[in-house]
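# Notes for the structure review
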Amino acid sequence: MNKEIQVSLSQKDDVSILNIKGDVTATSGEAIEEAYQKVSNAGSKKILFYFDQDGYINSGGIAILIGIASESRKNEQRIRITGLSAHFQKIFNMVGLTKYTEIFLTEELALKDF
Amino acid sequence: MMADNKVELHIPSVMGYEKIAMECAASMAKKMGFTEDRIEDLKTAVAEACLNAIEHGNKMDNSTKVGITLTVEESKLQVSVKDQGKGIDQILTPRIENKIEGKDQSRGWGIFLIKSLVNEVSFEPSPGGGNVTKMIIYLEKQIGKDG
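Throughout what follows, the structure given in this document is the object of discussion. This is a predicted model, so every value here is computed, not measured. (Residues numbered from 1 in each chain as written. Chains lettered and ligands numbered in written order. Predicted model: local features only at pLDDT ≥ 70, side-chain atom pairs only at ≥ 80, totals over all residues.)

With that settled, consider the packing of helix H2 (residues 36-57) of chain B against helix H4 (residues 110-117) of chain B. Residues and elements named next belong to chain B. Between H2 and H4, whose axes approach to 9 Å, the crossing angle comes to 145°. For H2 against H4, the interelement crossing comes out left-handed. Residues Asp-41, Thr-44, Ala-45, Glu-48, Ala-49, Leu-51 and Asn-52 of H2 form the contact with H4, whose participating residues are Gly-110, Ile-111, Leu-113, Ile-114 and Leu-117. In the contact of H2 with H4, the residues fall into seven nonpolar, three polar and two charged. (Axes fitted to C-alpha atoms, helices over the stretch in contact; angles between N-to-C directions. Helix = DSSP H or I, 4+ residues; strand = E, 2+ residues; numbered from the N terminus. Left-handed = near helix turned anticlockwise from the far one by under 90°. Contact = placed C-beta atoms within 7 Å. Nonpolar A, V, L, I, M, F, W, Y, C, P; charged D, E, K, R; others polar.)

Set out below in C-alpha coordinates:
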(Lines give C-alpha, C1' and ligand atoms only; values in the text may rest on other atoms or scores of the structure.)
Protein backbone atom coordinates (compact mmCIF):
# COMPACT_ATOMS: atom_id res chain seq x y z
CA MET A 1 0.00 0.00 0.00
CA ASN A 2 2.86 2.36 0.76
CA LYS A 3 5.09 3.48 -2.08
CA GLU A 4 8.30 1.51 -1.84
CA ILE A 5 11.16 3.64 -0.65
CA GLN A 6 14.34 4.11 -2.62
CA VAL A 7 17.36 5.70 -1.01
CA SER A 8 20.39 6.44 -3.15
CA LEU A 9 23.64 8.06 -2.09
CA SER A 10 25.69 10.69 -3.84
CA GLN A 11 28.52 12.98 -2.86
CA LYS A 12 29.10 16.64 -3.62
CA ASP A 13 32.45 17.86 -2.29
CA ASP A 14 32.36 16.97 1.41
CA VAL A 15 28.56 16.67 1.58
CA SER A 16 26.89 13.26 1.53
CA ILE A 17 23.48 13.38 -0.11
CA LEU A 18 20.70 10.89 0.65
CA ASN A 19 18.15 10.98 -2.17
CA ILE A 20 14.90 9.64 -0.75
CA LYS A 21 12.04 8.62 -3.05
CA GLY A 22 8.79 7.15 -1.76
CA ASP A 23 6.97 7.00 1.54
CA VAL A 24 8.77 7.62 4.81
CA THR A 25 7.22 5.46 7.52
CA ALA A 26 8.38 3.47 10.53
CA THR A 27 9.12 0.45 8.36
CA SER A 28 10.43 2.11 5.20
CA GLY A 29 12.50 4.45 7.34
CA GLU A 30 14.93 1.62 8.02
CA ALA A 31 16.35 2.19 4.55
CA ILE A 32 17.08 5.81 5.49
CA GLU A 33 18.71 4.70 8.74
CA GLU A 34 20.91 2.24 6.86
CA ALA A 35 21.98 4.89 4.35
CA TYR A 36 22.68 7.31 7.18
CA GLN A 37 24.79 4.70 8.99
CA LYS A 38 26.72 4.06 5.82
CA VAL A 39 27.74 7.70 5.29
CA SER A 40 28.24 8.14 9.01
CA ASN A 41 30.61 5.18 9.20
CA ALA A 42 32.47 6.64 6.24
CA GLY A 43 33.14 9.73 8.36
CA SER A 44 30.77 12.21 6.75
CA LYS A 45 30.13 15.30 8.87
CA LYS A 46 27.76 17.06 6.47
CA ILE A 47 24.67 15.19 5.36
CA LEU A 48 21.86 16.40 3.12
CA PHE A 49 18.50 14.60 3.09
CA TYR A 50 16.82 15.20 -0.25
CA PHE A 51 13.15 14.21 0.00
CA ASP A 52 10.57 13.54 -2.66
CA GLN A 53 8.16 16.51 -2.86
CA ASP A 54 5.22 14.13 -3.40
CA GLY A 55 6.21 11.63 -0.71
CA TYR A 56 4.05 10.64 2.22
CA ILE A 57 5.69 11.03 5.62
CA ASN A 58 3.92 9.83 8.75
CA SER A 59 4.71 10.02 12.46
CA GLY A 60 6.64 6.75 12.29
CA GLY A 61 8.88 8.24 9.61
CA ILE A 62 9.29 11.43 11.62
CA ALA A 63 10.41 9.32 14.59
CA ILE A 64 13.09 7.70 12.43
CA LEU A 65 14.36 11.15 11.43
CA ILE A 66 14.38 12.30 15.06
CA GLY A 67 16.46 9.24 15.91
CA ILE A 68 18.93 10.18 13.17
CA ALA A 69 19.01 13.80 14.36
CA SER A 70 19.79 12.54 17.85
CA GLU A 71 22.62 10.36 16.59
CA SER A 72 24.00 13.13 14.40
CA ARG A 73 24.48 15.30 17.49
CA LYS A 74 26.57 12.61 19.14
CA ASN A 75 28.57 12.23 15.94
CA GLU A 76 29.01 16.01 15.58
CA GLN A 77 27.40 16.01 12.15
CA ARG A 78 25.31 18.67 10.51
CA ILE A 79 22.09 17.73 8.78
CA ARG A 80 20.32 19.76 6.15
CA ILE A 81 17.04 18.90 4.46
CA THR A 82 15.55 19.83 1.10
CA GLY A 83 12.81 18.68 -1.26
CA LEU A 84 10.02 18.78 1.33
CA SER A 85 6.58 20.05 0.38
CA ALA A 86 5.36 23.17 2.20
CA HIS A 87 3.13 20.95 4.33
CA PHE A 88 5.96 18.77 5.58
CA GLN A 89 8.17 21.80 6.15
CA LYS A 90 5.41 22.95 8.49
CA ILE A 91 5.16 19.52 10.15
CA PHE A 92 8.93 19.34 10.73
CA ASN A 93 8.75 22.77 12.31
CA MET A 94 5.79 21.74 14.50
CA VAL A 95 7.54 18.73 15.97
CA GLY A 96 10.74 20.70 16.50
CA LEU A 97 12.99 18.95 13.99
CA THR A 98 14.06 22.37 12.71
CA LYS A 99 15.87 22.92 16.02
CA TYR A 100 18.28 20.15 15.09
CA THR A 101 18.29 20.27 11.28
CA GLU A 102 18.07 23.04 8.70
CA ILE A 103 15.49 23.06 5.91
CA PHE A 104 16.17 24.62 2.53
CA LEU A 105 13.88 25.17 -0.43
CA THR A 106 16.34 23.90 -3.04
CA GLU A 107 19.37 21.62 -3.21
CA GLU A 108 21.44 24.55 -4.44
CA LEU A 109 20.58 26.62 -1.36
CA ALA A 110 21.15 23.63 0.92
CA LEU A 111 24.64 23.05 -0.46
CA LYS A 112 25.62 26.71 -0.30
CA ASP A 113 28.00 27.44 2.57
CA PHE A 114 27.36 24.00 4.07
CA MET B 1 -21.81 3.18 2.11
CA MET B 2 -23.10 6.72 1.68
CA ALA B 3 -26.03 8.75 2.95
CA ASP B 4 -26.60 12.25 1.62
CA ASN B 5 -23.83 13.77 3.66
CA LYS B 6 -21.96 10.77 4.96
CA VAL B 7 -19.34 8.32 3.70
CA GLU B 8 -18.26 5.25 5.63
CA LEU B 9 -15.40 2.94 4.90
CA HIS B 10 -13.63 0.15 6.69
CA ILE B 11 -9.97 -0.62 6.31
CA PRO B 12 -7.96 -3.63 7.51
CA SER B 13 -5.69 -3.16 10.51
CA VAL B 14 -2.65 -3.17 8.29
CA MET B 15 -0.13 -0.37 7.98
CA GLY B 16 -0.44 1.43 4.67
CA TYR B 17 -4.23 1.18 4.42
CA GLU B 18 -4.50 4.51 6.26
CA LYS B 19 -3.68 6.09 2.89
CA ILE B 20 -7.06 4.98 1.53
CA ALA B 21 -8.87 6.85 4.30
CA MET B 22 -6.54 9.79 3.83
CA GLU B 23 -7.25 10.05 0.11
CA CYS B 24 -10.99 9.63 0.65
CA ALA B 25 -11.03 12.48 3.19
CA ALA B 26 -8.96 14.62 0.82
CA SER B 27 -11.41 14.02 -2.02
CA MET B 28 -14.36 15.07 0.12
CA ALA B 29 -12.55 18.14 1.43
CA LYS B 30 -11.63 19.15 -2.10
CA LYS B 31 -15.25 18.77 -3.18
CA MET B 32 -16.29 20.99 -0.27
CA GLY B 33 -13.86 23.70 -1.31
CA PHE B 34 -11.13 23.41 1.30
CA THR B 35 -7.83 25.08 0.47
CA GLU B 36 -4.89 22.90 -0.54
CA ASP B 37 -3.01 23.50 2.69
CA ARG B 38 -6.03 22.57 4.83
CA ILE B 39 -6.50 19.42 2.75
CA GLU B 40 -2.87 18.49 3.50
CA ASP B 41 -3.52 19.10 7.22
CA LEU B 42 -6.59 16.89 7.06
CA LYS B 43 -4.71 14.13 5.22
CA THR B 44 -2.04 13.95 7.90
CA ALA B 45 -4.58 14.06 10.75
CA VAL B 46 -6.72 11.29 9.22
CA ALA B 47 -3.68 9.14 8.45
CA GLU B 48 -2.39 9.50 12.02
CA ALA B 49 -5.78 8.71 13.56
CA CYS B 50 -5.99 5.57 11.41
CA LEU B 51 -2.42 4.58 12.28
CA ASN B 52 -3.22 4.90 16.00
CA ALA B 53 -6.31 2.77 15.50
CA ILE B 54 -4.39 0.14 13.52
CA GLU B 55 -1.34 -0.01 15.75
CA HIS B 56 -2.44 0.91 19.27
CA GLY B 57 -6.18 0.20 19.09
CA ASN B 58 -6.40 -2.97 17.06
CA LYS B 59 -2.79 -4.05 17.70
CA MET B 60 -2.45 -4.80 13.97
CA ASP B 61 -4.80 -7.76 14.35
CA ASN B 62 -5.80 -8.76 10.80
CA SER B 63 -9.21 -9.92 11.97
CA THR B 64 -10.17 -6.39 13.06
CA LYS B 65 -11.13 -3.35 11.04
CA VAL B 66 -10.86 0.39 11.43
CA GLY B 67 -14.07 2.25 10.61
CA ILE B 68 -13.91 5.74 9.19
CA THR B 69 -16.97 7.98 8.89
CA LEU B 70 -16.81 11.26 7.04
CA THR B 71 -19.72 13.60 7.68
CA VAL B 72 -20.15 16.71 5.60
CA GLU B 73 -21.89 19.72 7.09
CA GLU B 74 -22.29 23.17 5.65
CA SER B 75 -19.12 24.64 7.05
CA LYS B 76 -17.22 21.68 8.40
CA LEU B 77 -16.08 18.14 7.80
CA GLN B 78 -16.21 15.67 10.67
CA VAL B 79 -14.09 12.54 10.55
CA SER B 80 -14.57 9.72 13.05
CA VAL B 81 -12.05 6.92 13.25
CA LYS B 82 -13.16 3.90 15.23
CA ASP B 83 -11.15 0.92 16.38
CA GLN B 84 -11.94 -2.21 18.37
CA GLY B 85 -9.31 -1.75 21.05
CA LYS B 86 -9.21 -0.91 24.73
CA GLY B 87 -8.39 2.77 24.54
CA ILE B 88 -5.48 5.07 25.13
CA ASP B 89 -4.17 5.01 28.70
CA GLN B 90 -2.79 8.51 28.71
CA ILE B 91 -2.02 11.19 26.18
CA LEU B 92 1.40 12.68 26.74
CA THR B 93 2.68 15.78 25.00
CA PRO B 94 5.90 14.81 23.26
CA ARG B 95 9.01 16.96 23.70
CA ILE B 96 11.61 16.66 21.01
CA GLU B 97 14.36 17.65 23.45
CA ASN B 98 13.67 14.51 25.51
CA LYS B 99 13.61 12.37 22.40
CA ILE B 100 16.85 13.83 21.06
CA GLU B 101 18.54 13.28 24.42
CA GLY B 102 17.26 9.69 24.50
CA LYS B 103 15.06 10.25 27.59
CA ASP B 104 11.91 9.31 25.65
CA GLN B 105 11.27 7.07 22.67
CA SER B 106 11.44 8.92 19.39
CA ARG B 107 7.91 7.79 18.50
CA GLY B 108 4.64 9.20 19.86
CA TRP B 109 3.85 12.12 17.56
CA GLY B 110 0.53 10.97 16.09
CA ILE B 111 -1.85 12.53 18.61
CA PHE B 112 0.26 15.68 18.79
CA LEU B 113 -0.06 16.10 15.03
CA ILE B 114 -3.80 15.45 15.03
CA LYS B 115 -4.33 18.05 17.77
CA SER B 116 -2.15 20.54 15.94
CA LEU B 117 -3.77 20.14 12.53
CA VAL B 118 -7.54 20.02 13.08
CA ASN B 119 -9.86 22.52 14.75
CA GLU B 120 -11.44 20.12 17.23
CA VAL B 121 -10.57 16.62 18.36
CA SER B 122 -11.76 14.18 20.99
CA PHE B 123 -10.70 10.66 21.97
CA GLU B 124 -13.52 8.69 23.52
CA PRO B 125 -14.66 5.16 24.20
CA SER B 126 -17.24 4.13 21.62
CA PRO B 127 -20.70 3.07 22.93
CA GLY B 128 -20.45 -0.18 21.01
CA GLY B 129 -16.93 -0.94 22.27
CA GLY B 130 -13.55 0.24 21.10
CA ASN B 131 -12.46 3.84 20.80
CA VAL B 132 -13.35 6.66 18.52
CA THR B 133 -11.29 9.66 17.50
CA LYS B 134 -13.53 12.49 16.33
CA MET B 135 -11.98 15.29 14.36
CA ILE B 136 -13.60 18.41 12.97
CA ILE B 137 -12.06 20.70 10.43
CA TYR B 138 -13.79 23.94 9.48
CA LEU B 139 -14.07 25.14 5.94
CA GLU B 140 -12.88 28.69 6.46
CA LYS B 141 -11.45 28.82 9.96
CA GLN B 142 -7.67 28.82 10.24
CA ILE B 143 -5.63 26.57 12.55
CA GLY B 144 -5.37 27.82 16.11
CA LYS B 145 -8.21 27.78 18.54
CA ASP B 146 -7.34 31.28 19.72
CA GLY B 147 -8.50 32.67 16.43
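After that view of the structure, there is still more to cover.
Our focus in this paragraph is H4 of chain B. What H4 of chain B keeps buried is the set Gly-110, Ile-111, Leu-113, Ile-114 and Leu-117 of chain B. With its buried residues spanning 160° around the axis, H4 of chain B presents them on a single face. In this structure, the buried residues of H4 of chain B make contact with helix H2 (59-74) and helix H3 (86-95) of chain A together with H2, strand E4 (120-125) and strand E5 (131-138) of chain B. (Buried ≥ 20, exposed ≤ 12 C-beta atoms within 10 Å, placed from the backbone. Arc of directions from axis to C-beta.)

Looking now at the environment of Ala-49 of chain B. All names here are of chain B. With respect to the secondary-structure elements, Ala-49 resides in helix H2. With 33 C-beta atoms counted inside 10 Å, the residue Ala-49 sits in the buried group. When the C-alpha atoms of Ala-49 and Ile-68 are compared, they prove to be 9.7 Å apart, with 19 residues separating the residues in sequence. Beyond its immediate stretch of four places on either side in the chain, Ala-49 contacts Val-81, Ile-114, Thr-133 and Met-135.

All names here are of chain A. In this model, helix H1 (residues 29-41) (13 residues) spans 18 Å end to end at C-alpha, consistent with the 18 Å of a helix rising 1.5 Å per residue. Looking at H1, one finds that the buried residues are Gly-29, Ile-32, Ala-35 and Tyr-36. Within H1, the buried residues cover an arc of 115° as seen down the axis, which keeps them to one side. Counted as exposed and oriented over 90 degrees from the buried face of H1: Glu-34, Gln-37 and Asn-41. Buried residues belonging to H1 abut strand E1 (6-12), strand E2 (15-21) and H2. Just downstream of H1 lies Gly-43, where phi reads positive at about 95°. (Expected span 1.5 Å × (residues − 1).)

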